[in-house]
Structure formats: C-alpha cells, structure tokens
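Each chain, written out:
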Amino acid sequence: MDTILYNAKIYAQPAADALLIRDGYIYHVGSFADCKHYARAGVEAVNLAGKNLLPAFTDAHTHFVEYAKHGLYPDLSECSTIDGIINSLKEYRRNMPKGLKWILGGMWDQNRLSDISALNKKLLDAIFPDIPVALWSRDYHNKLCNSQALKIAGFTSDVKDPAGGRFERFPDGELNGILFEKATELIDPYVVQADDSTLITAIKKSVGHVYKYGITGIHSMEYDESITLLRDAFEQGPKLRLCWHFMEQDYEKALQIALKSYEGDEWFKLGGLKLFADGTLGSKSAAIFESYPGEPENRGILRYQDDELFEIAERARKDGFSLTIHAIGDRAVSQSIDCFVALHDPQNSVLNRIEHVQAIRAQDITRLKEYGISVSLQPVHLMADIPQIRDNWQHIGDRAYPIKSIVDAGVGYGFGSDSPIESINPFLGIYAAMERKNYADLSVCALSQDEAITLDEAIFGYTSGAAALSGSENLRGKLQKGFLADMFVLDEFDLRDSDFWLSAKSRLTILDGMTVFSDI
C-alpha cells in the first residue's frame with residue numbers, strides 16, 4: 001500500500017509539503033496534490049500537522065549489544081564514591097538475574113572517585129566471592145576483576161604486561177584486579193555471556209527504544225558473537241540497518257563472510273577492520289604529542305608501533321578490507337593518518353575511517369582532506385569530556401574537538417554516540433555540536449565556541465554523513481525520490497532555541513516504508 005505524509009515541513013525540501021512512499025522507497029516528494037496523483041488506489045494519507053519530516057538517523061559508532069546488556073548487569077555510571085559503588089553492587093547482588101555465569105557490565109568512572117586505589121578486587125570479592133566478575137570502566141578501556149575471574153584466566157602475580165597494556169598491582173606486586181588497555185583483551189576468552197535468548201530479548205527491547213530517537217541504522221564495533229546475536233534478533237523482530245566493523249580477533253571470520261568492506265546490502269554491510277591506536281582521555285592513555293600535566297613521562301599509549309600498524313593495514317588492503325581506527329589523542333590520530341598516507345593509492349579509492357578524533361593538529365586536518373580519509377565523530381562525548389579537557393589537555397585545548405575546522409576543511413564526517421559509553425540519544429549529540437557545553441552544568445562557559453557548527457551541519461552528521469560512512473549515500477540520508485523510505489517526524493523546531501534538542505523525541509519513525517514507532 002502507498003503512503004502519503006502531507007502537511008509536513010520536509011527537511012531540505014522547502015518547496016515540498018508531502019512525500020509518497022511505495023514499496024519501501026520514496027516515490028515522490030512535492031505537493032500533496034502531486035502525491036495523490038501518483039498514488040495507487042487505497043493510499044493511506046497521514047497528516048503531519050506542520051511537523052518536521054527528517055531522514056532517519058544512523059548512529060555511526062555503537063557497541064549495540066553492550067548497550068542492550070544494561071538491564072542485565074550492574075550499572076555504576078552514576079556512582080561518584082566508593083561507598084556508592086559498594087551499595088550499588090550490593091543492591092544488584094540482592095536482585096541479580098538468575099542463571100548468569102559471569103557478572104559483567106560496570107561503567108565505573110575513575111575520574112569521579114577521590115580514592116581510585118580503593119577500587120580493587122578485594123572490594124568485589126567481599127560482594128561476589130563465588131562468581132567471576134569483570135566490570136568495564138566507563139570508557140571501556142579498563143576492567144575491574146575479582147579474584148575468581150583472575151583465577152579462571154590463570155592470571156597470577158607472575159603474569160607479564162602485554163604490549164600496549166598492563167596489569168595493575170598492589171605495592172607487594174600482587175594483582176589488584178584492574179586490567180589496563182590491551183590487558184583487558186586477555187580475559188575475554190574466559191568470559192561467559194548471558195544465554196542467547198536472554199540477550200536477544202534485550203536487543204529487541206533496545207531496538208524499540210532507539211526508534212524513539214529516529215534511529216534506524218547503526219554501525220556496531222563488536223565481536224563476531226555479538227553481531228551474530230544482533231542479526232538473529234533482527235530476523236526475529238524489530239530491526240535496524242547494520243554495518244559491522246570487526247575486531248582483529250575476528251579477522252578470519254570476516255574473511256569467511258566473503259564480502260569486502262562496505263559490500264552487502266542495506267540491511268547488513270561489512271565495515272572495516274577495527275583497530276585501537278591508543279586509549280582514552282579519561283584514563284590519560286590517549287596518545288598526545290605533549291605529556292599529561294604533572295606526569296612528564298606520560299604521553300599516553302600507542303598500542304602499535306608504526307611498522308606493526310602498517311603491516312596489519314597492508315594485509316587488510318590485500319584482503320579487501322578498509323580500516324576503522326580508534327584514535328583519540330593527536331599523536332594517535334597523526335600515526336593513523338601516516339599509515340593511510342603510506343597505503344594511499346590514487347587509482348584505488350578506499351573508505352578508511354578514523355574514529356573519535358578528539359584532538360588533532362591543524363596540519364593533520366589538511367591531510368585528512370588531501371588523502372580522502374573520513375572521520376566518525378561523537379559530539380556527545382564532548383559534553384562529558386569538558387572537565388577532563390580542562391584538567392588534562394589545557395595545553396592542547398585548541399586541538400580538542402575541532403569539529404567546525406574539520407567540517408570547513410571538507411573532510412567526510414559522520415556522527416555517532418559510542419553507546420553505551422555515552423547516551424545513544426542523537427539529539428544530545430546535536431546539542432553538543434552546536435553548543436559545546438558540559439551537560440552536568442549547562443550554565444558553564446562552552447568549550448571553544450568558535451568550533452561550534454550549525455544545526456544543518458549537525459543533522460548532516462547523522463544523515464547523509466553517516467550514510468556515506470557505509471557507502472550508502474545514494475540510498476540513505478536524504479528525503480529524495482529513489483531513496484529508502486527511512487524517516488522520522490519531529491515537532492516544529494525552526495523557531496526554537498537549541499535547548500529544544502535536550503528533550504527532543506521522534507513523534508513517528510518509519511523504516512523501510514513501515515511505521516515502527518508512533519507517538520503522533
């Protein structure tokens with residue numbers, strides 16, 4: 001059946017007030033009369049009463065299964081004291097779901113704790129003496145483990161620190177339970193997730209939740225097991241358009257799919273090989289050119305030597321894979337660009353991406369444009385990072401989140417959330433990109449307001465920009481004839497100030513021409 005949406009403010013189509021959907025595609029954009037003329041018998045007409053109709057959003061950087069797990073495991077993201085963490089974990093222990101083999105989750109934030117040394121395996125052992133526990137930090141770059149988890153993995157005081165990571169220790173050399181950067185990966189083979197049916201149920205619920213934000217597509221950076229769960233969940237119930245960026249550990253499995261990067265269809269595409277060039281700002285492991293204040297020996301962590309990174313990238317290119325490189329600090333970003341420059345072939349355009357780019361030098365922005373390197377940015381991170389930038393990056397503050405400079409340089413960009421590390425709500429990302437304020441206190445002075453972008457530039461990041469990051473710019477991200485019928489409705493915002501975006505919600509979300517959420 002054909003559907004006409006009319007009496008609408010159609011985004012980027014000022015002369016049109018109606019849109020005709022047929023067979024999952026946009027058939028016509030124009031006047032209501034024209035849409036009725038082209039429509040087949042039995043057409044359904046929906047009056048949008050002057051509301052805004054926008055292309056559906058794509059979140060270009062998520063860890064969606066981890067996001068879906070939040071209802072299953074402890075969430076410590078709001079805890080600002082050790083006592084708060086203890087109380088939250090005790091409450092979880094009293095009510096935790098039955099049948100779990102490991103306790104995962106976490107989201108503890110070391111930057112909110114006055115005494116990080118009190119956060120160790122002994123704290124967990126007192127509450128969970130009988131079940132292994134491995135809790136992620138908020139930035140997903142450290143893990144806090146109890147003695148059971150360390151024992152199962154065979155980690156003792158004799159274990160050696162891996163390159164690009166380390167095991168934190170008590171003064172006597174005993175492991176204290178915190179695994180840092182690459183050390184977190186060494187425990188992954190021993191972790192037992194919740195059963196598949198429980199996780200699939202959680203995924204379905206989470207898909208329904210993101211429809212409320214106008215999201216119909218995601219890029220997910222996860223292990224093969226998680227992507228299998230996502231695809232199974234999408235086959236059974238509500239679904240999203242998915243692009244999978246695979247981890248180095250899943251390289252052989254990616255080869256077995258028999259797709260090159262960004263091949264597939266609009267329901268599933270294989271993305272790039274996901275690598276981590278450095279750590280994070282919050283843990284002071286993001287690799288920067290200058291040292292961190294008060295720590296003259298600490299310039300963050302580069303997880304690869306230059307030749308190691310190039311060797312991996314060269315193999316990937318030969319196998320038809322692009323790269324998707326996590327790089328937060330300006331030194332890691334520069335190293336990633338160096339790698340792409342060394343691989344550059346003017347006769348063979350490749351969609352290589354750098355994720356995050358929370359600090360970058362002006363000369364490296366120029367190189368992004370020159371060599372056709374795209375960036376996937378998460379403005380919502382900025383809202384939480386402002387205190388850390390002012391504490392740890394004040395000496396390079398002019399390089400922090402230079403979104404306008406990147407946009408003005410003509411670099412290909414898309415926006416995402418990095419959920420569950422930050423909120424998956426794209427409207428908060430739009431607000432952050434325009435206002436550059438700390439959401440904990442919106443009255444505080446913005447960070448480098450000259451790097452703020454316009455509303456249209458922010459919306460582009462979640463629509464056409466994000467679509468281009470999966471090679472889908474000719475089918476998604478615009479309300480044009482021949483594009484997929486993925487769209488959503490917002491209340492009128494043209495005359496509202498930017499605070500509108502702090503509480504915005506979709507009123508109607510359409511995926512593949514079908515209504516998947518309605519509050520109209």
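Residues numbered from 1 in each chain as written. Predicted model: local features only at pLDDT ≥ 70, side-chain atom pairs only at ≥ 80, totals over all residues. Heavy atoms only, no water.

J.: What is the right way to look at the overall build of the protein chain in this model?
T.: Helix and strand counts for the protein chain stand at 16 helices and 22 strands. Overall, the C-alpha framework of the protein chain stretches about 80 × 55 × 50 Å when taken along its three principal axes. Counting the 520 residues in the protein chain, one finds 58% classified as buried. In the protein chain, of all internal contacts separated by at least 6 residues, the share reaching a separation of at least 24 is 71%. Accessible area of the protein chain: about 21,000 Å², with a carbon and sulfur share of 49%. Once the 53 positive and 74 negative side-chain charges of the protein chain are each reduced to a mean point, those two points are 3 Å apart. (Helix = DSSP H or I, 4+ residues; strand = E, 2+ residues; numbered from the N terminus. Buried < 20%, exposed > 50% of the residue type's maximum accessible area, 1.4 Å probe, protein only. Contact = heavy atoms within 4.5 Å. Areas by Shrake-Rupley, 256 points an atom, 1.4 Å probe, with all protein chains shown as cover. Lys, Arg positive; Asp, Glu negative; His and termini not counted. Charge placed at Lys NZ, Arg CZ, Asp CG, Glu CD.)

J.: How should I be thinking about the packing of helix α12 (residues 379–392) against helix α14 (residues 426–435) in this particular structure?
T.: Between two packed helices, what matters for the description is the angle formed by their axes and the separation of those axes. Taken N-terminus to C-terminus, the directions of α12 and α14 make an angle of 65 degrees; their axes are 7 Å apart at the nearest point. Considering their axes alone, α12 and α14 lie roughly perpendicular with respect to each other. In the packing of α12 onto α14, the handedness of the crossing is left-handed. Every residue of α14 that contacts α12 at Pro379, Val380 and Met383 is listed here: Leu428, Gly429, Tyr431, Ala432 and Ala433. For the contact of α12 with α14, the residue count by class is seven nonpolar, one polar and no charged. (Axes fitted to C-alpha atoms, helices over the stretch in contact; angles between N-to-C directions. Parallel < 35°, antiparallel > 145°, perpendicular 65-115°, else oblique. Left-handed = near helix turned anticlockwise from the far one by under 90°. Nonpolar A, V, L, I, M, F, W, Y, C, P; charged D, E, K, R; others polar.)

J.: So what exactly am I meant to see when it comes to a negative patch on the surface here?
T.: A cluster of acidic residues, Asp195, Asp196, Asp232 and Glu235, forms a negative patch on the protein surface. Along the chain, the position of Asp232 falls in helix α7 (residues 224–236). (Patch = residues over 30% accessible without salt bridge, like charges linked within 9 Å, V, L, I, M, F, W, Y side chains within 5 Å. Salt bridge = Lys/Arg side-chain N within 4 Å of Asp/Glu carboxyl O.)

J.: Would you explain the layout of surface pockets in this entry?
T.: Any empty space left between the atoms is revealed when a probe the size of a water molecule rolls over them. By volume, the second largest pocket amounts to about 440 Å³. Forming the walls of the second largest pocket are 22 residues, and the residues nearest its centre are Asn348, Ser349, Val350, Leu351 and Asn352. Residue classes in the lining of the second largest pocket are distributed as twelve nonpolar, eight polar and two charged. (1 Å grid on protein atoms, 1.4 Å probe; cavity = no way out; pocket = protein on both sides within 12 Å on 5 of 7 lines; lining within 4 Å. Points joined across faces, edges and corners; volume = space filled by probe spheres on them.)

J.: What is the right way to look at the packing of aromatic side chains in this model?
T.: In this description, a pair of aromatic rings is defined by centroid distance and the angle of the planes. Counted under the stated rule, the structure contains 21 aromatic pairs. Seen from their ring centres, Phe57 and Phe488 are 4.9 Å apart, and the 75 degrees between their planes marks the pair as edge-to-face. Placement of Phe57 in strand β7 (residues 57–62) and of Phe488 in strand β20 (residues 487–490) is noted, with a sequence separation of 431 residues between them. Ring centres 5.3 Å apart and planes at 55 degrees place the aromatic pair Phe64 and Tyr67 in the tilted group. Placement of both Phe64 and Tyr67 in helix α2 (residues 64–68) is noted, with a separation of three residues, approximately one turn of the helix. Neither Phe64 nor Tyr67 differs from the other in exposure class; each is buried. Among the aromatic residues, those joined into a ring-pair cluster are Phe57, Tyr213, Tyr413, Phe415, Phe427, Phe460, Tyr462, Phe488, Phe493, Phe500 and Trp501. Sitting over the ring of Trp267, Arg241 keeps its end group 4.1 Å from the ring centre. (Phe/Tyr/Trp six-rings, centres within 6.5 Å; stacked < 30°, edge-to-face > 60°. Lys NZ or Arg CZ within 6 Å of the ring centre and 35° of its normal.)

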